[in-house]
Amino acid sequence: MTQSAQSTPPRRSDTTRAAILQAARERFAADGYERATIRAIAADAQIDPSMVMRYYGSKEGLFAAAAEFDLRLPDLTSVPPARLGEVLVRHFLARWEGDETLVALLRAASTNPGAAERMRGIFADQLTAAVATFGGDPALTARRAGLVASQILGLAFTRYIVHLPPMVDTPPDDLVSWIAPTLQRYLTGTPPG
């Protein structure tokens, strides 16, 4: 085996980045987004806090890079087509209410380009794949998934970030009743034109 074919040792910056990400994942998991600090993460990684900022720019950028996000979407192939909107609204309400990391990512995505890119990727990849399971034109599938994401992210933003009183005060079952028909139309309706 030649020298170039052998694995090369990781560069120091790669090792530092990996240590920061590992420390950040552990700290965010233990303390949550709000209580985790750059100083604590840097101490866990045994580096100076300025190195965290050098590589990730901000706490939001670090969070977007470090956090693992799985929407845990249900298998839509087993859902009766007439109930797709309802199932997705119920699922997303349960996910947002049960996982502070998704709320933290949404908050970060509203001000941090790296977090916004992460949110786009999560919804584009995971939601589009779920919508694709019940067939259709790939371009239309992406459009349908984008429309669903617009409703879900809007709901999450008004309920969990802005705390708009009518949205916060509305029981989940009522939200399902209001929003499910719109999602249903996005998922199964005939496109305009």
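Structural data are supplied above this passage.
Note that the structure is a prediction, hence the values are computed from the model and not measured.

Scoring rules and cut-offs
- Residues numbered from 1 in each chain as written.
- Predicted model: local features only at pLDDT ≥ 70, side-chain atom pairs only at ≥ 80, totals over all residues.
- Heavy atoms only, no water.
- Helix = DSSP H or I, 4+ residues; strand = E, 2+ residues; numbered from the N terminus.
- Buried < 20%, exposed > 50% of the residue type's maximum accessible area, 1.4 Å probe, protein only.
- Contact = heavy atoms within 4.5 Å.
- Lys, Arg positive; Asp, Glu negative; His and termini not counted.
- Charge placed at Lys NZ, Arg CZ, Asp CG, Glu CD.
- Core = buried A, V, L, I, M, F, W, Y, C linked by side-chain atoms within 4.5 Å.
- Expected span 1.5 Å × (residues − 1).
- Arc of directions from axis to C-beta.
- Phe/Tyr/Trp six-rings, centres within 6.5 Å; stacked < 30°, edge-to-face > 60°.
- Lys NZ or Arg CZ within 6 Å of the ring centre and 35° of its normal.
- Axes fitted to C-alpha atoms, helices over the stretch in contact; angles between N-to-C directions.
- Parallel < 35°, antiparallel > 145°, perpendicular 65-115°, else oblique.
- Nonpolar A, V, L, I, M, F, W, Y, C, P; charged D, E, K, R; others polar.
- Salt bridge = Lys/Arg side-chain N within 4 Å of Asp/Glu carboxyl O.

*Asks:* An account of the overall build of the protein is needed here, citing residue identities and associated values.
*Replies:* In terms of helices and strands, the protein carries ten helices and zero strands. Secondary structure elements of the protein occur, N-terminal to C-terminal, as α-α-α-α-α-α-α-α-α-α. Along the longest, intermediate and shortest principal axes, the C-alpha atoms of the protein span 55 × 50 × 30 Å. Buried positions account for 41% of the 193 residues belonging to the protein. The long-range fraction of contacts in the protein, counting pairs at least 24 apart against all pairs at least 6 apart in sequence, stands at 65%. For the protein, the distance from the average site of its 20 positive side-chain charges to the average site of its 20 negative ones is 5 Å.

*Asks:* Describe the nonpolar core, listing the residues and the values that go with them.
*Replies:* Core analysis: the biggest nonpolar cluster contains 61 residues, and Leu 62, Trp 96 and Phe 123 have the highest contact counts within it. With near-sequence residues (within four places) excluded, Trp 96 lies in contact with Leu 102, Val 103, Leu 106, Met 119, Phe 123, Ile 152, Leu 153, Ala 156 and Tyr 160.

*Asks:* Mind laying out helix 7 (residues 113-132), listing which residues take part and the relevant values?
*Replies:* With 20 residues, helix 7 should reach 28 Å at 1.5 Å per residue; the first-to-last C-alpha distance of 27 Å fits that figure. If you check which residues of helix 7 are buried, you get Ala 115, Ala 116, Met 119, Ile 122, Phe 123, Leu 127, Ala 130 and Val 131. Viewed end-on, helix 7 has its buried residues packed into an arc of 125°, placing them on one side of the element. With respect to the buried face of helix 7, the exposed residues turned more than 90 degrees away are Pro 113 and Asp 125. Of the surrounding secondary structure, the elements contacted by the buried residues of helix 7 are helix 4 (59-66), helix 5 (84-98), helix 6 (100-109), helix 8 (138-161) and helix 10 (172-188).

*Asks:* Please provide a residue-by-residue account of the packing of aromatic side chains, values included.
*Replies:* Here the structure, examined in full by the defined rule, presents four aromatic pairs. With a centroid separation of 5.8 Å and 70° between ring planes, the pair formed by Phe 63 and Phe 69 is classed as edge-to-face. Note on Phe 69: relative accessible area 9%, which makes it buried. Measuring from centroid to centroid gives 5.9 Å for Phe 92 and Phe 123, while their planes differ by 15°, and the two rings are stacked. Of this pair, Phe 92 sits in helix 5 while Phe 123 sits in helix 7, placing them 31 residues apart in sequence. Between Arg 17 and the ring centre of Tyr 56, over which it is positioned, the NZ or CZ distance is 5.9 Å.

*Asks:* Help me get a handle on the packing of helix 5 against helix 6, residues and values and all.
*Replies:* Interaxial distance between helix 5 and helix 6 falls to 5 Å at its minimum, and their mutual angle equals 90°. With respect to their mutual orientation, helix 5 and helix 6 come out roughly perpendicular. Residue-level contacts link Arg 95, Trp 96 and Gly 98 of helix 5 to Glu 100, Leu 102, Val 103 and Leu 106 of helix 6. Residue composition of the contact of helix 5 with helix 6, grouped by class: four nonpolar, one polar and two charged.

*Asks:* Outline unusual backbone geometry, listing residues and values.
*Replies:* We note that Gln 46 has phi near 60°; this positive angle belongs to a residue other than glycine. One non-glycine residue, Arg 72, lies in positive phi territory at about 50°. Mapped onto the elements, Arg 72 comes out in the loop between helix 4 and helix 5.

*Asks:* How would you sum up the environment of Ile 38? Please name residues and give values.
*Replies:* Mapped onto the elements, Ile 38 comes out in helix 2 (residues 38-45). For the pair Ile 38 and Thr 101, spaced 63 residues apart in the sequence, the C-alpha separation amounts to 17 Å. If sequence neighbours within four positions are ignored, Ile 38 has contacts with Pro 49, Val 52, Met 53, Lys 59 and Leu 62.

*Asks:* Can you break down the pattern of salt bridges residue by residue, with the values?
*Replies:* Two side chains with opposite charge may pair up if their charged atoms get near one another. Across all of its chains, the model carries seven salt bridges by this definition. With a shortest N-O distance of 3.0 Å, Arg 27 and Asp 31 are connected by a salt bridge. Pair noted here: Arg 27 and Asp 31 are both in helix 1 (residues 12-35), with a separation of four residues, about one helical turn.

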